[in-house]
Amino acid sequence: MTAPRLVATDLDGTLVRSDGTVSGWTRAVLAALDARDVPVLFVTARPLRWMEHLWPIVGGHGMAIVSNGAIWFDVATRSVRHLWGIEAEVGLRLTDVIAAAVPEATFALETETGIRYDPHFVDEWDPRPDCPRGPLADIWTDPVVKLLVTAPGLDADHLRKATVSAVGDRAVVTWTGPDLIEISAAGITKAATLARVASELGVERADVAAFGDMPNDIPMITWAGTGYAMANADPALLEVADHVAPDHDDDGVARVLAELFDLDVVCSGEQPLEALDGGDR
């Protein structure tokens, strides 16, 4: 198989192990690719505030896609290259139709600078008691990169189906776990932003390899010339991937890349890089 010119990888459940770390060997593989001028893009649902611990292993090519494609980030300058958000006028209509379909729904707003909560939202993943909380019309002052929806006590499958039906084509609905819905602006997915980055780099779609594990990775995996689902991936992703990579706890991404690029990488010591807990939100 021809080695790709651009590698795109999800983080949690893909590059990051179950204990929230990235192994020393995986870091060494990424460094070897960087030395060969092969860009490795982190493409994640994580917000910017969950990324600082991971920037050191991005390498000199220095770009990332966060918040499910809503932010194209320049790592070298620590600046947002482009942001595709949901404006208040559109977003408040979205929350109205979701609340009508799911009266139990509660909402949070993920922005470039942090998270904000409606009065009833309970953050079970990364609670921030010092963040703004109030009626959505009052706290929706900036473009929202992800509208988060939960409905405590409601069946997760019902929440998903009802939200997808209510939103329709007004926005993109996805999830990385059973109890949290993530909504991006219309047309914004990991794949859409990855395509923009690839175009900027002069890389054809056929020369992109992508790795993922959850349904929000499906657009990226199916867009890339070669898509890999991790062995631990959601069944929906395994169905559409071109190949299956070893489990994320077995350095699956690094193992595939070492084979594709014929790397003989030796790492002395584990030297794990700590990542934030909470999953790929």
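Residues numbered from 1 in each chain as written. Predicted model: local features only at pLDDT ≥ 70, side-chain atom pairs only at ≥ 80, totals over all residues. Heavy atoms only, no water.

## Focus: the packing of helix 1 (residues 24–35) against helix 8 (residues 252–260)
Logical step 1: The contact between helix 1 and helix 8 brings their axes to 9 Å, and the two run at 40°. The orientation of helix 1 with respect to helix 8, classified from their angle, is oblique. Between helix 1 and helix 8 lies a crossing of left-handed hand. Across the interface between the two elements, Trp25, Thr26, Val29, Leu30 and Leu33 from helix 1 touch Ala254, Arg255, Leu257 and Ala258 from helix 8.
Logical step 2: The class makeup of the residues in the contact of helix 1 with helix 8 is seven nonpolar, one polar and one charged. (Axes fitted to C-alpha atoms, helices over the stretch in contact; angles between N-to-C directions. Helix = DSSP H or I, 4+ residues; strand = E, 2+ residues; numbered from the N terminus. Parallel < 35°, antiparallel > 145°, perpendicular 65-115°, else oblique. Left-handed = near helix turned anticlockwise from the far one by under 90°. Contact = heavy atoms within 4.5 Å. Nonpolar A, V, L, I, M, F, W, Y, C, P; charged D, E, K, R; others polar.)

## Concerning the sheet that holds strand 7 (residues 106–110)
By way of backbone hydrogen bonds, the strands of a sheet pair with one another, either parallel or antiparallel.
Logical step 1: Strand order in the open sheet made by the five strands is 8-7-9-11-10, with antiparallel pairing throughout. The two strands at the open ends of the sheet, each matched to only one other strand, are strand 8 (115–117) and strand 10 (171–177). Geometrically, the sheet is characterised by an average inter-axis angle of 25° between neighbouring strands, direction not taken into account.
Logical step 2: Examined bridge by bridge, strand 7 and strand 8 share three bridges and lie antiparallel to one another. (Pairing = 2+ DSSP bridges.)

## Focus: empty space enclosed by the protein
Logical step 1: Tallying each qualifying case throughout the model produces one cavity of 30 Å³ or more.
Logical step 2: Empty space within the largest cavity amounts to approximately 40 Å³.
Logical step 3: Around the largest cavity, the lining residues are Leu30, Leu33, Asp34, Val38, Val40, Ile57 and Val58.
Logical step 4: Of all the elements, helix 1 adds the most residues to the lining of the largest cavity, at three residues. (1 Å grid on protein atoms, 1.4 Å probe; cavity = no way out; pocket = protein on both sides within 12 Å on 5 of 7 lines; lining within 4 Å. Points joined across faces, edges and corners; volume = space filled by probe spheres on them.)

## Digging into the packing of helix 2 (residues 88–101) against helix 4 (residues 156–167)
Logical step 1: In the contact formed by helix 2 and helix 4, the axes pass within 9 Å of each other and the chain directions differ by 135°. Between helix 2 and helix 4, the angle falls in the class oblique. Once helix 2 is placed against helix 4, the crossing between them reads as right-handed. Side by side, helix 2 and helix 4 meet where Leu94, Val97, Ile98 and Ala101 of the first sit next to Ala162, Thr163, Ala166 and Val167 of the second.
Logical step 2: Its residues assigned to classes, the contact of helix 2 with helix 4 comprises seven nonpolar, one polar and no charged.

## Notes on the packing of aromatic side chains
Logical step 1: Scanning all chains against the criterion turns up three aromatic pairs.
Logical step 2: Relative to Phe73, the ring of Trp55 has its centre 5.0 Å away and its plane inclined at 15°; by these criteria the two rings are stacked. In this pair, Trp55 is assigned in the loop between strand 3 (40–43) and strand 4 (63–66) and Phe73 in strand 5 (residues 71–74), connecting sequence segments 18 residues apart. For the residue pair Trp55 and Phe73, the accessibility class agrees, reading buried in each case.
Logical step 3: Their ring planes at 10° and their centres at 5.7 Å tell us that Tyr117 and Phe121 sit as a pair that is stacked.
Logical step 4: For Tyr117, a relative accessible area of 3% puts it in the buried group. (Phe/Tyr/Trp six-rings, centres within 6.5 Å; stacked < 30°, edge-to-face > 60°. Buried < 20%, exposed > 50% of the residue type's maximum accessible area, 1.4 Å probe, protein only.)

## Quick word on helix 5 (residues 190–201)
Logical step 1: The first and last C-alpha atoms of helix 5 sit 16 Å apart over 12 residues, in line with the 16 Å expected at 1.5 Å per residue.
Logical step 2: For helix 5, the full list of buried residues reads Lys190, Ala191, Thr193, Leu194, Val197 and Ala198. With its buried residues spanning 165° around the axis, helix 5 presents them on a single face.
Logical step 3: Taken together, the buried residues of helix 5 touch strand 1 (6–9), strand 3, strand 4, strand 5, strand 12 (208–212) and helix 6 (218–223).
Logical step 4: One side-chain oxygen of the residue at the start of helix 5 lies 3.3 Å from the amide nitrogen of Ala191, identifying that residue as Thr189.
Logical step 5: Two residues or fewer past helix 5, Gly202 is found with a positive phi of approximately 75°. (Expected span 1.5 Å × (residues − 1). Arc of directions from axis to C-beta. Polar contact = N/O pair within 3.5 Å; in protein donor to acceptor, adjacent residues only side chain to side chain.)

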